[in-house]
Amino acid sequence: MTPVLTQHPAAYAPHIRDDMTVEVALSLMAGARVDHLVLCDGDDQSMGVVTLARLTVLRDAPTYTDRVRLRDVPEC
């Protein structure tokens, strides 16, 4: 599986915490009309960017459930 994070943080994108579910992140992207969100840890430090394309692929995977949190997505 490809990583959730890319190394292109964008300061102008909405910031989210890593405990957010994929479903909520997708909903937030739709509402904000953005294609990426800045992912932050518990100390609000930027960890990278999560993209709409990556979350869509993850959501379409056969092992996906609506309880998957962004921090639980495996990285390669």
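Above this text you will find the structure in question.
Residues numbered from 1 in each chain as written. Predicted model: local features only at pLDDT ≥ 70, side-chain atom pairs only at ≥ 80, totals over all residues. Heavy atoms only, no water.

## Notes on the overall build of the protein
Move 1: The helix and strand tally for the protein stands at two helices and four strands.
Move 2: Each of the 76 residues in the protein was classed as buried or not, and the buried ones make up 37%.
Move 3: Put simply, of all contacts in the protein between residues at least 6 apart along the chain, 59% involve residues at least 24 apart.
Move 4: Surface exposure of the protein reaches about 4,800 Å², of which carbon and sulfur atoms provide 52%. (Helix = DSSP H or I, 4+ residues; strand = E, 2+ residues; numbered from the N terminus. Buried < 20%, exposed > 50% of the residue type's maximum accessible area, 1.4 Å probe, protein only. Contact = heavy atoms within 4.5 Å. Areas by Shrake-Rupley, 256 points an atom, 1.4 Å probe, with all protein chains shown as cover.)

## Observations regarding the nonpolar core
Move 1: In terms of nonpolar packing, the biggest core is built from 15 residues, with I16, V22, A25, V50, L55, L58 and L70 touching the most fellow members.
Move 2: Those elements that provide at least two residues to this core are helix 1 (22–32), strand 3 (36–40) and helix 2 (52–59). (Core = buried A, V, L, I, M, F, W, Y, C linked by side-chain atoms within 4.5 Å.)

## Observations concerning the pattern of salt bridges
Once their charged atoms are close, side chains differing in charge can pair, the charge on each being opposite to the other.
Move 1: Using the criterion set out here, one finds one salt bridge in the structure.
Move 2: The shortest N-O distance in the salt bridge between R71 and D18 comes to 3.6 Å. Of the two residues, R71 sits in the segment after helix 2 while D18 sits in the loop between strand 2 (15–17) and helix 1, which places them 53 residues apart along the sequence.
Move 3: Residue class for D18 comes out buried when judged on its relative accessible area of 12%. (Salt bridge = Lys/Arg side-chain N within 4 Å of Asp/Glu carboxyl O.)

## Remarks on the side chain of H36
Move 1: With respect to the helices, strands and loops of the structure, H36 is situated in strand 3.
Move 2: At 2.6 Å, the side chain of H36 and the side chain of D35 are in polar contact. (Polar contact = N/O pair within 3.5 Å; in protein donor to acceptor, adjacent residues only side chain to side chain.)

## Some words on the packing of helix 1 against helix 2
Move 1: Contact pair helix 1 / helix 2: the axes reach a minimum separation of 11 Å and the direction vectors enclose 140°. By the angle between their directions, the pair helix 1 and helix 2 is classed as oblique. Both helix 1 and helix 2 take part in a crossing whose hand is left-handed. Packed against helix 1, whose contacting residues are V22, E23, A25, L26 and M29, the element helix 2 presents L52, L55, T56, L58 and R59 at the interface.
Move 2: When its residues are assigned to classes, the contact of helix 1 with helix 2 shows seven nonpolar, one polar and two charged. (Axes fitted to C-alpha atoms, helices over the stretch in contact; angles between N-to-C directions. Parallel < 35°, antiparallel > 145°, perpendicular 65-115°, else oblique. Left-handed = near helix turned anticlockwise from the far one by under 90°. Nonpolar A, V, L, I, M, F, W, Y, C, P; charged D, E, K, R; others polar.)

## Re the environment of R17
Move 1: When you line up the elements, R17 lands in strand 2.
Move 2: Classification of R17 as partly exposed rests on a relative accessible area of 36%.
Move 3: In the structure, R17 is positioned 53 residues away from L70 in sequence and 8.3 Å away in space, judged by C-alpha atoms.
Move 4: When residues no more than four places from it in sequence are discounted, the contact partners of R17 are L39, C40, D41, G42, D44 and L70.

Keep in mind these numbers describe shape, not what the thing actually does.
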